[in-house]
Amino acid sequence: MHINFIHKSKKILVALSLIGIILFSILFMDSDEQQYVAKVKSTISQLRGYSLEIENINLDQNPDLLITTYGKIVNTSKEGLALQPSSSMVIFDDQLNKYLNDTVVGYSQLIEGTRNKDLELIKRGVETLSRLDDRFLRQITTLGKKE
């Protein structure tokens, strides 16, 4: 179950990398946009780091570390939800917030499922996160074409 999740984490990393590339390809950003982009980049970088941590955790040997790392992802996603975009970045921020909200839901399900050894809840968390990848990638692709 967690091996499939690790592969899905790699998809999340790809999505997060694409966000960074798109954001930095936007030309003529004002100061507010630059500050927002820097904060989004920091959030993405933190999420990427935590996803990499997950790959090195052995669930059988250290489930508490896995739960802690999932919690870091949830907290970082919540911090990302609090970011205030400039007026020109509102559409992107709406899409980012949907992504981060789904990330919070999926990882929260994984936390509770892992704590309670509830495979059904873990499965729902993995499903939530796997759906998240495809939807967010399509949104980012569409956003990039509009600009």
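Provided above is the structure to which this section pertains.
So, about the overall build of the protein. Scanning the protein from terminus to terminus reveals five helices and zero strands. Listing each helix as α and each strand as β along the protein from the N terminus yields α-α-α-α-α. In the protein, buried positions account for 45% of the 147 residues. Within the protein, counting contacts between residues at least 6 apart in sequence, those at least 24 apart form 70% of the total. Accessible area of the protein: about 8,100 Å², with a carbon and sulfur share of 52%.

A general feature of soluble globular proteins is that nonpolar side chains tend to end up buried together. Formed by 28 residues in total, the largest nonpolar core has its most connected members in Y36, V40, Y70, Y107 and L110. Of all the elements in the fold, those that place two or more residues in this core are α2 (31–55), α3 (63–81), α4 (90–115) and α5 (119–146). Ranked by residues supplied to this core, first place goes to α4 with eight residues. Apart from the residues lying within four places of it in its own chain, the contact partners of Y36 are L83, Q84, P85, M89, F92, D93 and L96.

The tally for this structure, following the rule as stated, stands at three salt bridges. Taking the shortest distance from any N to any O, the salt bridge between R115 and E112 comes out at 3.0 Å. Taken together, the residues R115 and E112, both in helix α4 and three residues apart, mark about one turn of the helix.

Across the interface, α2 lies against α4 with an axial gap of 13 Å and an inter-helix angle of 25°. One element, α2, and the other, α4, form an angle in the roughly parallel class. Taken as a pair, α2 and α4 cross one another with a handedness that is left-handed. Residues Y36, V40, L47, S51 and I54 of α2 pack against F92, D93, L96, L100 and Y107 of α4.

Time to look at unusual backbone geometry. For K117, which is not a glycine, the phi torsion comes out positive at approximately 50°. Inspection of the secondary structure assignment puts K117 in the loop between α4 and α5.

Okay, the environment of K39 next. Within the secondary structure layout, K39 lies in helix α2. Taking the C-alpha atoms as reference points, K39 and E79, separated by 40 residues in sequence, lie 9.8 Å from one another.

What counts, and where the lines are drawn
Residues numbered from 1 in each chain as written. Predicted model: local features only at pLDDT ≥ 70, side-chain atom pairs only at ≥ 80, totals over all residues. Heavy atoms only, no water. Helix = DSSP H or I, 4+ residues; strand = E, 2+ residues; numbered from the N terminus. Buried < 20%, exposed > 50% of the residue type's maximum accessible area, 1.4 Å probe, protein only. Contact = heavy atoms within 4.5 Å. Areas by Shrake-Rupley, 256 points an atom, 1.4 Å probe, with all protein chains shown as cover. Core = buried A, V, L, I, M, F, W, Y, C linked by side-chain atoms within 4.5 Å. Salt bridge = Lys/Arg side-chain N within 4 Å of Asp/Glu carboxyl O. Axes fitted to C-alpha atoms, helices over the stretch in contact; angles between N-to-C directions. Parallel < 35°, antiparallel > 145°, perpendicular 65-115°, else oblique. Left-handed = near helix turned anticlockwise from the far one by under 90°.

Read these as layout, nothing more, since geometry by itself doesn't imply function.
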